[in-house]
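# Chain and residue survey
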Number of protein chains: 2
Amino acid sequence: MPKLQFWYEFASTYSYPAAMRIGEAAARRGVEVDWRPFLLGPIFADQGWRDSPFNIYPAKGAYMWRDLERICEAYGLPFRRPALFPQRSVSAARIALVLSGDERAAFSRRVYAAQFGEGANIAGAAVLGRLLSESGADPAGASAGAESDEVRAALREATDEARRLGIFGAPSFLTPGGELFWGDDRLDQALDWTASGR
Amino acid sequence: MPKLQFWYEFASTYSYPAAMRIGEAAARRGVEVDWRPFLLGPIFADQGWRDSPFNIYPAKGAYMWRDLERICEAYGLPFRRPALFPQRSVSAARIALVLSGDERAAFSRRVYAAQFGEGANIAGAAVLGRLLSESGADPAGASAGAESDEVRAALREATDEARRLGIFGAPSFLTPGGELFWGDDRLDQALDWTASGR
């Protein structure tokens, strides 16, 4: 099966609907999904941003929250704006890297649903342990492995790879042929492109 | 008929496919289009940008040009990247304000097609005169009126109105109920929203 790379950042709002939709949308087309967590912070820092552009540019931020609410309504996804944005996403990203396959996907969806569907803060060890359990993974094993030097290095390497691929935002999608698509609103196009073998 | 405001900036790349598609897409739904030219430059300057963000952030710019090419291919629109970007759009915007109704729409489409379908520079009086003729308007009348104090003030007022509406990019769409949509990829959603009377 052709495989689409799905690059996501746990603090990214538009990654939420993409993460919730991509599994079923890919399966319908016979496309496999490679879940690739990374950090946008270092890439934003390259551009001189020390905060989310949605906070730096208030008109853009106000628009994004309303747009996200409309998108969630259209897809039947729960939406609750978290009190804190953006959230510290590094621990969640490291845990996701410890997991693989369906476990990584299930945990990632659970983190997004908690953050943007329930308004939770996903930064801490306790909430992440709970979300691991709720997604069917082993909390103790994943949490312990997540703070190893190896996993820390793997997340830095994933972020460097994203930068090399020209990724500047999340969600981003990379087809086997090297076409890059950015944004939840490009998910279907990226899957169609992958399925068609272009 | 319900009326959708279409806010566009002649230097904006993604406004090109929106301008070429909106007439037919709106007519199919029984929606009227209010063509609202404005300038993004002063709004970008509010955010500290003295150039297009597609030039300031090279990864975003490289992505945008490829994305625009794909969009044009999907819609069957000619695409040719102009040598200069962004282009000085103030004269075209003033001329558009002198025109009204179908003449404004036809001239605006012709300017976009010349710039992004043929790679032309649309800054100067000669090319704008030609584009006026080609769109069926009277070149002499429109060009003369465009540099009046009244029209200059009207363009400043349009840009101030865009800013007050929370517009931060182009194309943007405003429904009768006050819903703002940003981006060519939101055109159909904005039209559906307008047609449904929400």
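Everything below is about the structure shown above.
Below, the structure is looked at part by part.

Reading guide: rules and limits
- Residues numbered from 1 in each chain as written.
- Chains lettered and ligands numbered in written order.
- Predicted model: local features only at pLDDT ≥ 70, side-chain atom pairs only at ≥ 80, totals over all residues.
- Heavy atoms only, no water.
- Least-squares fit on C-alpha atoms with pLDDT ≥ 70 in both.
- Contact = heavy atoms within 4.5 Å.
- Salt bridge = Lys/Arg side-chain N within 4 Å of Asp/Glu carboxyl O.
- Polar contact = N/O pair within 3.5 Å; in protein donor to acceptor, adjacent residues only side chain to side chain.
- Helix = DSSP H or I, 4+ residues; strand = E, 2+ residues; numbered from the N terminus.
- Buried < 20%, exposed > 50% of the residue type's maximum accessible area, 1.4 Å probe, protein only.
- Pairing = 2+ DSSP bridges.
- Axes fitted to C-alpha atoms, helices over the stretch in contact; angles between N-to-C directions.
- Arc of directions from axis to C-beta.
- Phe/Tyr/Trp six-rings, centres within 6.5 Å; stacked < 30°, edge-to-face > 60°.
- Lys NZ or Arg CZ within 6 Å of the ring centre and 35° of its normal.

A separate point is the relation of the copies chain A and chain B. Of the transformation placing chain A onto chain B, the axial shift is 0.0 Å and the rotation is 180°, giving an RMSD of 0.0 Å. Seen this way, the second copy is the image of the first under a two-fold rotation axis. Considering only C-alpha atoms, the residue of chain A closest to the rotation axis is Asp185 of chain A, which sits at 3.7 Å. Most of the interface of chain A is mirrored in chain B, where 100% of its interface residues again form contacts.

With that settled, consider the interface of chain A and chain B. In this complex, chain A contributes 23 residues to the contact, which on the side of chain B involves 23 residues. At the junction of chain A with chain B, the criterion picks out 10 salt bridges. The tally of links from chain A across to chain B stands at 16 residue pairs in polar contact (both at pLDDT 80 or more). Those elements that provide at least two residues to the side of chain A that touches chain B are α4 (58–75), β4 (180–182) and α10 (187–195) of chain A. With eight residues, the single largest contributor to the side of chain A that touches chain B is α4 of chain A.

All right, on to the pattern of salt bridges then. Residues and elements named next belong to chain A. Applying the stated criterion across every chain yields a total of 46 salt bridges over all chains. Measuring nitrogen to oxygen at the nearest pair gives 3.6 Å for the salt bridge that ties Glu24 to Arg28. Here Arg28 and Glu24 lie together in helix α1 (residues 15–28), a separation of four residues that amounts to about one turn. Residue Glu24 is classed as exposed on the basis of its relative accessible area of 59%. Judged by its relative accessible area of 59%, Arg28 is exposed.

Quick look at the sheet that holds strand β3 (residues 172–174) of chain A now. Residues and elements named next belong to chain A. Spatially, four strands are ordered β2-β1-β3-β4 in an open sheet, and the strand pairing comes out mixed. Since the sheet does not close on itself, it has two edges, and those belong to β2 (32–37) and β4, each with one partner. The average angle at which neighbouring strand axes cross in this sheet is 20°, direction not considered. With six bridges joining them, strand β1 (residues 3–8) and β2 adopt parallel strand pairing. Note on β2: the bridge partner recorded for Lys3 is Glu32.

Turning our attention to helix α10 (residues 187–195) of chain B. For α10 of chain B, the set of buried residues is Leu187, Ala190, Leu191, Trp193 and Thr194 of chain B. Down the axis of α10 of chain B, the sector holding all buried residues measures 160°, keeping them to one side. Where α10 of chain B is buried, its residues meet α4 of chain A together with β1 (3–8), α1 (15–28), β3 (172–174) and β4 (180–182) of chain B. A positive backbone phi angle near 75° is found at Gly197 of chain B, which sits one or two residues after α10 of chain B.

Relative to the helices and strands, Arg80 of chain A is located in the loop between α4 and α5 (90–98). Measuring from C-alpha to C-alpha, the distance between Arg80 of chain A and Gln115 of chain A comes to 8.0 Å, with 35 residues separating the pair along the chain.

With that out of the way, let us pick up the side chain of Asp184 of chain A. Here Asp184 of chain A lies in the loop between β4 and α10. In this structure the side chain of Asp184 of chain A is engaged in a polar contact, spanning 3.0 Å, whose partner is the side chain of Arg21 of chain A.

Inspection of the entire model under this criterion finds 40 aromatic pairs over all chains. Plain terms: the ring middles of Tyr8 of chain A and Phe10 of chain A are 5.4 Å apart, the flat faces sit at 85° to each other, and that makes the pair edge-to-face. A relative accessible area of 1% places Phe10 of chain A in the buried class. Through a chain of ring-to-ring contacts, the aromatic side chains of Phe6, Tyr8, Phe10, Trp35, Phe107, Tyr112 and Phe173 of chain A assemble into a single cluster. Over the ring of Trp193 of chain A we find Arg70 of chain B; its NZ or CZ atom is 5.9 Å from the centre of that ring.

Turning to the sheet that holds β1 of chain B, a few remarks are in order. All names here are of chain B. Here we have four strands laid out as an open sheet, ordered β2-β1-β3-β4, and mixed in their pairing. Because the sheet does not close on itself, it has two edges, and the strands there are β2 (32–37) and β4. Along the sheet, successive strands turn relative to each other by an average axial angle of 20°, direction set aside.

All names here are of chain A. With an omega of -10°, the peptide bond between Phe85 and Pro86 qualifies as cis. Looking at where Pro86 falls in the secondary structure, it is placed in the loop between α4 and α5. A cis amide bond, omega 0°, links Ala170 with the succeeding residue Pro171. Mapping Pro171 onto the fold places it in the loop between α9 (149–164) and β3.

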